[in-house]
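# Structure assessment
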Amino acid sequence: MENQRIRVSKAMLKSGLLTLLREKPLNQISVSELCSVSQINRTTFYKYYGSQMDLLNDVENDFLTKLDGDLKSIIAKSENALISVLNHLYERREIFSLLVGSLPPQDFAMDLFAIPSIGTIFQNMTNEENYSETESKYIRRFVFQGTFTVLCDWLCSEDPEPVAEIAGILMVLREKIM
């Protein structure tokens, strides 16, 4: 368990990284600049992280862990989980966009759809008794990747469409595929 000082130092570094990612890509952010913006000593940075990418991976992990916890409670309370989940993502679109723009998209997509709450939402996307194990695997992958692309286009746009419209589009796509 981390003590409060460690948590504060890491939080300051994460906040500093997100601030800088709003201005430029990760490969243009130096550790010195990051430490200056975060008001953290370079030695402290290297005590916890080996590189800026390690810090970004920690930011991603925090985002996905919190998202999973939040979505679990949303799913438990909501009959129409898709709308609630999309609302939740919409509210966090800035960090989602920063992660999409900074991490390899395939890696972020795989990490996103690997969290248990997202898996729960999408496990019923295919009626698996109608398909072989191989068919189900590829249909799920196709649906996940297509959904991820829609989410990226939507959440990363300057003027995102309303949540209900995106939910409707995703449901139409699901029906057409199935």
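Here is a short report on the structure shown in this document. (Residues numbered from 1 in each chain as written. Predicted model: local features only at pLDDT ≥ 70, side-chain atom pairs only at ≥ 80, totals over all residues. Heavy atoms only, no water.)

The number of helices and strands found in the protein is 10 helices and zero strands. Written out in order from the N terminus, the α and β elements of the protein read α-α-α-α-α-α-α-α-α-α. Each principal axis of the C-alpha distribution contributes one length, and for the protein these read about 55 × 35 × 30 Å. For the protein, the residues scored as buried account for 40% of the 178 residues in total. As displayed, the protein offers around 10,300 Å² of accessible surface, 51% of which is attributable to carbon and sulfur atoms. Across the protein, the 18 positively charged side chains and the 24 negatively charged ones have centroids separated by 8 Å. (Helix = DSSP H or I, 4+ residues; strand = E, 2+ residues; numbered from the N terminus. Buried < 20%, exposed > 50% of the residue type's maximum accessible area, 1.4 Å probe, protein only. Areas by Shrake-Rupley, 256 points an atom, 1.4 Å probe, with all protein chains shown as cover. Lys, Arg positive; Asp, Glu negative; His and termini not counted. Charge placed at Lys NZ, Arg CZ, Asp CG, Glu CD.)

Relative to the helices and strands, Ser117 is located in helix α8 (residues 116-122). Overall, Ser117 belongs to the buried group, its relative accessible area being 2%. Reaching out from Ser117, the side chain makes a polar contact with the side chain of Asp68 at a distance of 2.7 Å. In this structure Ser117 touches Leu67, Asp68, Leu71, Lys72 and Ile75, once residues within four positions along its chain are discounted. (Polar contact = N/O pair within 3.5 Å; in protein donor to acceptor, adjacent residues only side chain to side chain. Contact = heavy atoms within 4.5 Å.)

Further remarks concern helix α2 (residues 31-38). Buried within α2 are the following residues: Val31, Leu34, Cys35 and Ser38. Mapping the buried residues of α2 onto a view down its axis gives an arc of 95°, with all of them on the same face. Residues of α2 that are buried sit in contact with α1 (4-21), α3 (42-48) and α4 (52-77). In the stretch just after α2, Gln39 is the one whose phi turns positive, near 60°. (Arc of directions from axis to C-beta.)

A cluster of acidic side chains, namely Glu158, Asp159, Glu161 and Glu165, defines a negative patch on the protein surface. Here Asp159 is to be found in the loop between α9 (133-155) and α10 (163-177). The exposed category is assigned to Asp159, whose relative accessible area is 66%. (Patch = residues over 30% accessible without salt bridge, like charges linked within 9 Å, V, L, I, M, F, W, Y side chains within 5 Å. Salt bridge = Lys/Arg side-chain N within 4 Å of Asp/Glu carboxyl O.)

We now examine the packing of α1 against α4. In the contact formed by α1 and α4, the axes pass within 10 Å of each other and the chain directions differ by 100°. By the angle class used here, α1 and α4 are roughly perpendicular. Within the contact between the two elements, α1 uses Lys10, Leu13, Lys14, Leu17, Leu18 and Leu21 and α4 uses Gln52, Leu55, Leu56, Asp58, Val59 and Asp62. Here the residues of the contact of α1 with α4 are counted per class, giving seven nonpolar, one polar and four charged. (Axes fitted to C-alpha atoms, helices over the stretch in contact; angles between N-to-C directions. Parallel < 35°, antiparallel > 145°, perpendicular 65-115°, else oblique. Nonpolar A, V, L, I, M, F, W, Y, C, P; charged D, E, K, R; others polar.)

Right, let's talk about unusual backbone geometry for a bit. Backbone geometry places Gln39, a non-glycine residue, at a positive phi of 60°. Checked against the element boundaries, Gln39 lands in the loop between α2 and α3. Using a relative accessible area of 68% as the deciding quantity, one classes Gln39 as exposed.

This part covers the nonpolar core. Leu17, Leu86, Phe96, Phe108 and Phe148 are the most contacted members of the largest nonpolar core, which totals 48 residues. Per element, the largest residue contribution to this core is eight residues, and it comes from α4. Those residues in contact with Phe148 that sit more than four places away from it in its chain are Phe96, Val100, Pro105, Phe108, Ala109, Leu112 and Phe113. (Core = buried A, V, L, I, M, F, W, Y, C linked by side-chain atoms within 4.5 Å.)

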